[in-house]
Structure formats: C-alpha cells, structure tokens
Amino acid sequence: MSSIFAKIIAREIPADIVYEDELVLAFRDIAPQAPVHILLIPKREIATANDTGPVDEAALGRLVRVAAKIAASEGIAEDGYRLIINCNEHGGQEVFHLHMHLLGGRHLGPMLARRQ
C-alpha cells in the first residue's frame, strides 16, 4: 500500500515542492508547526528508519545535505533550525514513509517537554 508521500512523488496528489532530484523530494508541510516547515523524503519507499539498509545511505545523506541547502535558501540557516525524523508510534511517526522535518523561522524551544 502506497503512502500519501508516494502519491506526492507520483504527482497523484499536489504539493508545494521546493526541491527534487533523483533520490529525494522536499515539499512544504500542509499543517506547518513553524514558519518554515518542510518535509524531505527519499523517493524510494522506506516505511521507518528501522527499515533502512546500505542501499539507502546515499538518499539518507542527501536528505541532510538538501535540508541545509533549503534552510539557507529559506533564510533560516544562520539563526538555526531543527531536523526531526520520527520512528514508529512512540516516536510520533504518522506517515509510514520515512521523512525528515525541517523546522525553523522562530525559536523552537526545548526538544521535549520537561517532566516535573
């Protein structure tokens, strides 16, 4: 079963694409959590980070490099940004096609809520 991201790659669902090459695709999140919120995905369907293998190393490295380039082009590189990959239910993954969130454009605060 194809994920919504696979449908975006196939152009079956529209997206505001900001970058594409042979390995990765990046597009604006439809429910942004920060002024800049872009999703970066490998074009090869990989359900979770647990499902990666040696064949995926080039695409995974490309995700980080492309995120840095997009951060620069969006004007958030100097002040800083956050990259997040969630894995499975407890990690907060909602779409089971590995993806990385690029968030920035304001101070993002602590990574996790602190428990008392």
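Here the structure is a predicted model, which is why all the values come from computation and not from measurement.

Engineer: Just to check I follow, could you spell out the side chain of T48 for this structure?
Structural biologist: One can find T48 in the loop between strand 3 (36–42) and helix 2 (57–73). The class for T48 is buried, based on a relative accessible area of 5%. Polar contacts involving the side chain of T48 include one to the main-chain amide nitrogen of N50, which spans 3.0 Å. At 2.9 Å, the side chain of T48 forms a polar contact with the side chain of D51. Discounting chain neighbours no more than four positions away, the residues touching T48 are C87, N88, Q93, F96 and L98.

Engineer: Just checking my understanding: could you explain helix 2 for this structure?
Structural biologist: For an α-helix, 3.6 residues make a turn, and residues three or four places apart therefore share a direction. Helix length check: helix 2, at 17 residues, gives a terminal C-alpha distance of 25 Å against a target of 24 Å (1.5 Å per residue), a fit within 8%. Lining the buried residues of helix 2 we find strand 1 (17–20), strand 2 (24–28), strand 3, strand 4 (81–84) and strand 5 (100–104). Of the residues one or two after helix 2, G75 is the one with positive phi, at around 80 degrees.

Engineer: Whenever I open this one, a nonpolar patch on the surface confuses me. Can you help?
Structural biologist: A surface patch of nonpolar side chains, about 230 Å² in accessible area, is lined by V64, Y81 and L83. Accessibility expressed as a relative area gives 45% for V64, which makes it partly exposed.

Engineer: Looking at this structure, I do not really get the side chain of H37. What am I missing?
Structural biologist: With respect to the secondary-structure elements, H37 resides in strand 3. Using a relative accessible area of 5% as the deciding quantity, one classes H37 as buried. Among the polar contacts listed, one links the side chain of H37 to the backbone nitrogen of Q33, at a separation of 2.9 Å. Here H101 takes part through its side chain, which lies 2.8 Å from a polar atom of the side chain of H37. Setting aside anything within four residues of it in sequence, one finds H37 in contact with F27, R28, D29, A31, P32, H101, L102 and L103.

Engineer: I would appreciate a short explanation of the environment of V24 in the present structure.
Structural biologist: Considering the arrangement of structural elements, one finds V24 in strand 2. By relative accessible area, which is 1% here, V24 ends up buried. Along the primary structure V24 and G61 are separated by 37 residues, whereas in three dimensions their C-alpha atoms are 10 Å apart. With residues up to four places along the chain from it excluded, the contact list for V24 reads Y19, I41, P42, K43, A59, R62, L63 and V66.

Engineer: Which parts of the structure should I look at to understand the pattern of salt bridges?
Structural biologist: When their charged atoms lie close together, side chains carrying opposite charge are able to pair. Counted under the stated rule, the structure contains seven salt bridges. In this structure, K43 and E20 form a salt bridge, with 2.7 Å as the shortest nitrogen-oxygen distance. In this pair, K43 is assigned in the loop between strand 3 and helix 2 and E20 in strand 1, connecting sequence segments 23 residues apart. A salt bridge links R62 to E22, with the shortest nitrogen-to-oxygen separation between them at 3.3 Å. Within this pair, whereas R62 is found in helix 2, its partner E22 is found in the loop between strand 1 and strand 2, the two being separated by 40 residues in sequence. Judged by its relative accessible area of 58%, E22 falls in the exposed class.

Conventions and cut-offs
Residues numbered from 1 in each chain as written. Predicted model: local features only at pLDDT ≥ 70, side-chain atom pairs only at ≥ 80, totals over all residues. Heavy atoms only, no water. Helix = DSSP H or I, 4+ residues; strand = E, 2+ residues; numbered from the N terminus. Buried < 20%, exposed > 50% of the residue type's maximum accessible area, 1.4 Å probe, protein only. Polar contact = N/O pair within 3.5 Å; in protein donor to acceptor, adjacent residues only side chain to side chain. Contact = heavy atoms within 4.5 Å. Expected span 1.5 Å × (residues − 1). Patch = residues over 30% accessible without salt bridge, like charges linked within 9 Å, V, L, I, M, F, W, Y side chains within 5 Å. Areas by Shrake-Rupley, 256 points an atom, 1.4 Å probe, with all protein chains shown as cover. Salt bridge = Lys/Arg side-chain N within 4 Å of Asp/Glu carboxyl O.

Just geometry here; none of it tells us what the structure is for.
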